[in-house]
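Per-entry structural report
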Amino acid sequence: MNHLIFRALVFLLLIFPTSSWAEEVELLGAGSTLAYPLYSAMFETYWKETGVRVNYQAIGSGGGIRQLINRTVDFGATDAFMTIEELAAAPAKILHIPTCIGAVVVTYNLAGNPQLKFTPDVIADMFLGKLTWWDERRIVTLNPAVKLPHLKMIIVRRSDGSGTTFAFTDYLSKVSETWMREVGRGKAVNWPVGLGAKGNPGVAGLISQLPGAIGYVELVYALQNGMPVASIENRSGKFVLPTIMSTTLAEEVPLPEDMRVSITDTRAPDGYSISSFTWLLVYKEQAYQGRSVERAKHLAKLLWWVTHQGQKYTEPLHYAPLPVEAVKRADRIIESMTYDGKPLLK
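Report follows, based on the coordinates. Keep in mind the model is a prediction, meaning the values are calculated, not measured.

**Re the overall build of the protein chain**
The secondary structure content of the protein chain amounts to 13 helices and 13 strands. The C-alpha atoms of the protein chain give a radius of gyration of 23 Å, which matches the 20 Å a tight globule of 346 residues would have. Seen through its C-alpha atoms, the protein chain measures out along the principal axes to roughly 85 × 45 × 30 Å. Relative to its 346 residues, the protein chain shows a buried fraction of 52%. Residue pairs in contact within the protein chain that sit at least 24 positions apart in sequence constitute 73% of those at least 6 positions apart. Carbon and sulfur atoms make up 56% of the accessible area of the protein chain, which amounts to about 15500 Å² in all. Distance between charge centroids for the protein chain: 1 Å, based on 34 positive and 32 negative side chains.

Okay, structure coming up:
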């Protein structure tokens, strides 16, 4: 019997490629819910094309950064670039690789899904709790063609550490001195009012359940749930809806080499005001905690694929692809990754 088993194994090794017997590669990532729909599509395709699985958990940007710091994942994902203080406290140098540009939208639950317009000061005062009824004069004046109900507003916001929250509060901190002074920007802030929900899916789900609710989510979550989104007055005085084009136009700022940049409150005449890059975070030096060079190379190749071939999945899922200059900087960042001091992609 043992002789027959041996002959069978030899036969199988002859008819199947040796690579098919190799241990399956699985990279681990965690973080951003803003980019989760895009990463799901990208990573599924990458597995089919390369055989390399990516196990990604959408736990919020704050969680993704924590897991990378704790070195329990190969990469973290965030919609808020790490601060100088956070980078200094990390165990080793961390790189930011941009993957796309997303739009954070103001969405609401009103009968008939009316298309509303908001100015920056109105948005700030709603989330500060200073505007509390839907038919208040300042909102009605902006939307004369809409019959707004005498209905109490219910603010819905994130309860977890979130890059979506960072983009939203970063924007409000730029357009409202009161917001900057009383609340500020961050992945988590002390909200003056509102109900908390976890992740973009949680916020979208809670808004859709509560008449009169208003909150902020990444664009795709509003579209998936059939929820309306507001057009927002930008710096040029234009009311702009979040689209792939208006989100792309928001990136009209000088891009630093490390790609840690805020693009909210754009000066672009037709740009959407609450747009943000989203990033994958990795350690520059990959030789740590017994990681193999093969695993490190798989990670670098994944990052390159995401910023090149993977970009074709952005627009169908309502994200803006990386601009040419951002891709060039991403190339240089990925090429700087090393294993034992030696470049991974050379």
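**Focus on the environment of L116**
Tracing the chain through its elements places L116 in the loop between β4 (94-108) and β5 (117-118). Linking L116 and V106, residues ten residues apart in sequence, is a C-alpha distance of 9.8 Å. Beyond its immediate sequence surroundings of up to four residues, L116 is in contact with Y108, L110, W134, N143, V146, L148, A230 and S231.

**A few points about helix α2 (residues 36-50)**
Counted at 1.5 Å a residue, the expected span for α2 with its 15 residues is 21 Å, and the 20 Å between its end C-alpha atoms agrees. Against β2 (53-57), β3 (75-78), β4, α10 (219-224), β11 (275-283) and α12 (293-307) lie the buried residues of α2. G51 lies just past α2 and shows a positive phi near 80°.

**Considerations on helix α7 (residues 163-175)**
When the terminal C-alpha atoms of α7 are compared, their 18 Å separation across 13 residues agrees well with the 18 Å that a helix rising 1.5 Å per residue should span. Most of α7 sits out of view: eleven of its 13 residues are buried. Of all the residues in α7, the buried ones are G163, T164, T165, F166, A167, F168, T169, D170, Y171, L172 and S173. The N-capping residue of α7, defined by a side-chain oxygen 3.0 Å from the backbone nitrogen of T164, is S162.

**Some details on the environment of V327**
Relative to the helices and strands, V327 is located in helix α13 (residues 324-335). Among residues more than four places away in sequence, those in contact with V327 are T307, H308 and L322.

**Notes on the pattern of salt bridges**
For the structure on display, the rule yields 16 salt bridges. Between R185 and D170 there is a salt bridge, and its shortest N-O distance comes to 2.7 Å. Placement of R185 in the loop between α8 (177-182) and β7 (195-197) and of D170 in helix α7 is noted, with a sequence separation of 15 residues between them. Taking the relative accessible area as the measure of exposure, D170 reaches 4% and is therefore buried. When the shortest N-O distance is used, the salt bridge between E325 and K328 registers 3.3 Å. Note that E325 and K328 are positioned in helix α13 at a spacing of three residues, about one turn of the helix. The class for E325 is partly exposed, based on a relative accessible area of 38%.

**So, unusual backbone geometry**
The phi dihedral of D265 falls on the positive side, at around 55°, and the residue is not glycine. Summarising the element assignment, D265 is placed in the loop between α11 (244-249) and β11. A positive phi is found at H318, a non-glycine position, where the angle reads about 70°. Tracing the chain through its elements places H318 in the loop between α12 and α13. Among the residues examined, H318 registers a relative accessible area of 34% and is labelled partly exposed.

**Focus on the pairing of strand β6 (residues 154-158)**
Looking along a regular strand, one sees the side chains alternate between the two faces of the sheet. Counted residue by residue, β6 has four buried out of five residues, so it is predominantly covered. As defined by bridge partners, β6 adjoins β7 across three bridges and the pair is classed as parallel. Across the sheet, residue V156 finds its bridge partner in β7, namely L195.

**Quick word on the nonpolar core**
The biggest cluster of nonpolar side chains holds 105 residues, and the ones touching the most others in it are F118, I123, M126, F168 and F277. If one sorts the elements of this core by residue count, β4 sits on top with ten residues.

**Structural notes on the packing of α2 against α12**
Look at α2 against α12: their axes get within 11 Å of each other, and the N-to-C directions meet at 120°. Between α2 and α12, the angle falls in the class oblique. Regarding α2 and α12, the two cross each other, and that crossing is right-handed. Taking contact as the criterion, the partners of M42, F43, T45, Y46 and E49 in α2 are, on α12, H298, K301, L302, W305 and V306. Each residue belonging to the contact of α2 with α12 can be placed in one class, and the counts come to six nonpolar, two polar and two charged.

Rules and cut-offs
Residues numbered from 1 in each chain as written. Predicted model: local features only at pLDDT ≥ 70, side-chain atom pairs only at ≥ 80, totals over all residues. Heavy atoms only, no water. Helix = DSSP H or I, 4+ residues; strand = E, 2+ residues; numbered from the N terminus. Rg over C-alpha atoms; globule rule 2.2 N^0.38 Å. Buried < 20%, exposed > 50% of the residue type's maximum accessible area, 1.4 Å probe, protein only. Contact = heavy atoms within 4.5 Å. Areas by Shrake-Rupley, 256 points an atom, 1.4 Å probe, with all protein chains shown as cover. Lys, Arg positive; Asp, Glu negative; His and termini not counted. Charge placed at Lys NZ, Arg CZ, Asp CG, Glu CD. Expected span 1.5 Å × (residues − 1). Polar contact = N/O pair within 3.5 Å; in protein donor to acceptor, adjacent residues only side chain to side chain. Salt bridge = Lys/Arg side-chain N within 4 Å of Asp/Glu carboxyl O. Pairing = 2+ DSSP bridges. Core = buried A, V, L, I, M, F, W, Y, C linked by side-chain atoms within 4.5 Å. Axes fitted to C-alpha atoms, helices over the stretch in contact; angles between N-to-C directions. Parallel < 35°, antiparallel > 145°, perpendicular 65-115°, else oblique. Left-handed = near helix turned anticlockwise from the far one by under 90°. Nonpolar A, V, L, I, M, F, W, Y, C, P; charged D, E, K, R; others polar.

Any link to function would need more than the numbers given here.
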